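Results of the structural survey
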Amino acid sequence: MISFALIGAAAVAAAIGVVTARHPVHSVLWLIVHLCSLAVLYMTLHAPFLGLVQVLLYAGAVMVLFLFVLGLLSARTRPDPAEPEPLTGQLGWTIGAGVVIAAVLLLAAGAGAAGANPHALPAGFGGVSAFGQALFGPYLLPFEATALALLTAIVGVVALSTGHDEAMRRPPTEPEAEPEGPALDVSHAAMDPRRGVGGGRD
Amino acid sequence: MNFGAVWPEIVVSGVGTLLVALDPFVSAARQRWFGYVCLAGLLLAGLLTLGEPVGGGSVLGGMVTLDGFSMLFRLIFLAAAALVVLLSLDFILQRGKDLGEFLSLLCFATTGAMVMAISRDVVSLYVGLELLSISSYVLAAFLRDESGSHEAGLKYLLNGALASAILLFGLSLTYGLTGQTSIPALTHGLASALHTGYAPVVWLAVGMVLAALAFKIAAAPFHLWAPDAYEGAPTPVTGYLMVVAETAGFVALLRIVDTGMGPLAAHWGPWLAGLAIFTMTVGNVTALWQRNIKRMLAYSSIAQVGYVLVGLAVATPGGVSAAIFYLVAYLFTTLGAFAVIAALSVRDPGDAITDYAGLGRRSPALAVVLTVCLASYVGIPATAGFMGKLALIGAAVHGGMAWLAVGIAVNSAISIGYYWTVARTMWVDPAPADGGAVAVSPAGATSVALTLVGVVFLGILPQAFFWLSHWAGAGILR
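Quick look at the structure, then. Here the structure is a predicted model, which means the values were calculated and not measured.

Glancing now at the side chain of Ser149(B). Residues and elements named next belong to chain B. If you trace the backbone, Ser-149 turns up in helix α6 (residues 147–178). Judged by its relative accessible area of 1%, Ser-149 is buried. A polar atom in the side chain of Ser-149 sits 2.8 Å from the backbone oxygen of Ala-140. Not counting chain neighbours up to four residues away, the residues in contact with Ser-149 comprise Ala-140, Ala-141, Phe-142, Leu-143, Arg-144, Gly-232 and Pro-234.

Below, the structure is given as C-alpha cells:
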C-alpha cells in the first residue's frame, strides 16, 4: 500500500511535469519518469512482463523517437517565458476538476478499503505465456484493430506530408497563381516608395 | 478461433490495405479504378454481413456479438461508405489528390465503425472508435493545401483526443467498479455498485462517458469544434463525418449507456433529455445566421443529433427503435445533400449559399434533390425525415416526456427559416451571368439518385424500416 502511494505520487508528479514544462525536451524527460513509474506499478500488480515491455518500448524506443522528432523540429527554439497563456483560466479549471475527481476516488477508496478482498491470481499470471494467451486469445480482435490503427497513422503521415510536394511537382492544369499575382504586386509596390502603384512588374 | 464473425471487417480492411499497397504502382490516370475496387469490396462486405447468422451470442473471446443491432449498423456504415466513395471520386481526382490513400483511409475508418457496431466489450468498442477517429482526423485534413482543411483536421484531432481521454477515464472507472469490461456484465455490476457505497464513483463514470460521447456526436454544449471541422473538411469527408462518425457515436451511446448503464436509466435519462433539447435549440438557432452551406448543414446536423437524443433519453424500446430509424433517415438525407454539394463543388469550390442562386434553372435535377433533402430535414410529409420525427415524437409522448415532443415540433418550425433561405436562393434568385449548366459525372449522379430513392422510399413506405429498427433495437434495453 505504501509503495503504491509513493509510486503513484511519483507518476502523478511526473505527469504534471509533462504538461507544465515549457521546453518540449523537458516534457519528454518527465514523460520517461512517468512511464517508468507506471512500469513499477505494473510490477507491483504482478504483471512483470507488462512492466518490462513498458520500460523497453515506451520509456525506451518510443521516447527516443520523440526526442528525434523534437530534435528535427524544434529543440533549438527557446520558449519565450513572457509569452501569455493561450488558454486563459485553464489552470483553475484543471485544478478544480482534478480535486473533484481525486476527492470522489479517495472517498470511494476509503469506503471500499474495509471490504477489499483481492482475488487469488491464477498460476503464471503476468508472465509471457499468460500475456500471449490473452493477447492472441480473447483480445485478438482489439489487438488486430490496434494494428490497423497504427497502419492508418502511417498512411495518414504519408498522405499529409507528401501530398503537398506532389501537387507542386505536377504540372498545373489551370493557371492557379493568377488571382494572387496582382494583389501581391500591389502590396510590394505600396511598400516600395521608388515604385509607383501603377509601375507594374520590372 | 472462429473468424467467420468478422469476415466483413476483414474484407473492408483488406481492401484498404490493398489500395495502399497498389497505390505507388498505378498511374494517376488509372486511379479511378481504385474507386471501383473499393465499391466492390464494400458490396462484398455487405453481402457477407447479410449472410451472417444472427444469434445474439458472443464470439471471438466475448468481444463480438452478432445481433440484429450489429447487423443493421454494419450495413448502415457500409452503405454510407459506398455513397461517400461515389460522391468523392471526381472531387478528389479533380483536385489532383491521391485517390488510393483517400479511399484506404475511408476503408479503415469504416472498419473502425463496423468494429464498434459488433462489439459487446468496451475494449473492442474503444479500439474501434480510435480506428475510426484516427482515420477521420487525417481525412479531415486531407486537402492540406487549403488552410480550412488543415484547421479542420487539427481541431478535430485535439477535441477528439480530449474526448477519447475522458471516455477512457470513465471506462476505467467502470472497470474499477465492476472488474468487467464486457457490456452485459457492466449492466449488472454498475447497478449493484450503486448500492454498495460507490455511488459517487458511478456518477463520475457515467458523467465522463456521457460527456465524452457527447463530444463525439457533437451535442451542445460539447459541439464547439464541429462547425469549424465540418466547414473546413473536404466536402465528401464532411458528409462522411456527419453520418458515419456521428452514427458511430450513437452506436457507442446505445451500447455503453443504454445497455451497459441501462439499470441507471432513471438517473441519466433526464440529463440526456436536457442535452437533447439544448442541442436541437442551439443547432437550429445558430444555423439561422450561417452564410456558408457546409457550416449551415453543420449546425443543422447538431440539431439532428438533438432529435436523435430524444429517442435515447426516453429509454424505452420504442425510443431506441425511433432513434435507429431516424439515424437511417438522417444518413440518406445528409448524404443526399452532400452528394449535391460535392457534385457542384467538383469544379467550383464556392460553398456560400449565394453560390446556389438560380440552381433551379442551371441544374433542375440537382436542385430538386437538394430541395427534397432540405424538406426531409424539416420533416415535410412523404420524406424520410417526417417519418423519423413522427416516430421520435410518438416515443417521447409514450415515454412520458411529452415536453420533448413539443421541443421537436418547435425546433422544426425554427429550422424552416434557414432551409427556406437555401430553397428560395435556388429557385427564386436569378442565376449569375456566367453560371451555365452543371456537369455531373456518372458516379456523382448515381450517388444523388440513390440517396433520393432512399429519402423518398423511407418517407412513403417506412414499414419495412420501422420493423428493421425495432428488430435491431430489441436487445439494447434489458
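On we go.
Once that is clear, we can look at the pattern of salt bridges. All names here are of chain B. The final tally for this structure, using the stated rule, is ten salt bridges over all chains. The salt bridge involving Glu-231 is made with Arg-295; its shortest N-O contact spans 2.7 Å. Note that Glu-231 is positioned in helix α9 (residues 226–232) and Arg-295 in helix α12 (residues 293–313), a separation of 64 residues in sequence. Sharing partners across several salt bridges, the network here consists of Glu-151, Lys-155, Asp-228, Glu-231 and Arg-295.

This part is about the side chain of Thr178(B). Residue and element names in this part refer to chain B. Locating Thr-178 in the fold gives a position in helix α6. Within the local environment of Thr-178, its side chain forms a polar contact with the backbone oxygen of Thr-174, the two atoms lying 2.8 Å apart. In terms of polar contacts, Thr-178 uses its side chain to reach the backbone amide nitrogen of Gln-180, at 3.1 Å.

Time to look at the packing of helix α15 (residues 364–378) of chain B against helix α18 (residues 442–460) of chain B. All names here are of chain B. Closest axis-to-axis distance for the α15/α18 pair is 10 Å, and the angle between their directions is 35°. Two packed elements cross with a definite hand, and for α15 against α18 that hand is left-handed. Contacts from Leu-366, Val-369, Val-372 and Ser-376 of α15 reach α18 at Val-448, Leu-452, Val-455 and Val-456. Grouping the constituent residues of the contact of α15 with α18 by class yields seven nonpolar, one polar and no charged.

Moving on, we come to the packing of helix α3 (residues 68–94) of chain B against helix α13 (residues 317–344) of chain B. What describes two packed helices is the angle between their axes and the distance between those same axes. All names here are of chain B. Direction vectors running N to C along α3 and α13 enclose 5°, while the axes themselves pass 10 Å from each other. Here α13 runs roughly parallel to α3, going by the angle between their axes. The segment α3 lies against α13, with Phe-69, Leu-72, Phe-73, Ile-76, Ala-80, Leu-83, Val-84, Leu-87 and Phe-91 engaging Ile-324, Leu-327, Val-328, Leu-331, Leu-335, Phe-338, Ala-339 and Ala-342. A breakdown of the residues in the contact of α3 with α13 according to their chemical character gives 17 nonpolar, no polar and no charged.

Reading guide: rules and limits
Residues numbered from 1 in each chain as written. Chains lettered and ligands numbered in written order. Predicted model: local features only at pLDDT ≥ 70, side-chain atom pairs only at ≥ 80, totals over all residues. Heavy atoms only, no water. Helix = DSSP H or I, 4+ residues; strand = E, 2+ residues; numbered from the N terminus. Buried < 20%, exposed > 50% of the residue type's maximum accessible area, 1.4 Å probe, protein only. Polar contact = N/O pair within 3.5 Å; in protein donor to acceptor, adjacent residues only side chain to side chain. Contact = heavy atoms within 4.5 Å. Salt bridge = Lys/Arg side-chain N within 4 Å of Asp/Glu carboxyl O. Axes fitted to C-alpha atoms, helices over the stretch in contact; angles between N-to-C directions. Left-handed = near helix turned anticlockwise from the far one by under 90°. Nonpolar A, V, L, I, M, F, W, Y, C, P; charged D, E, K, R; others polar. Parallel < 35°, antiparallel > 145°, perpendicular 65-115°, else oblique.

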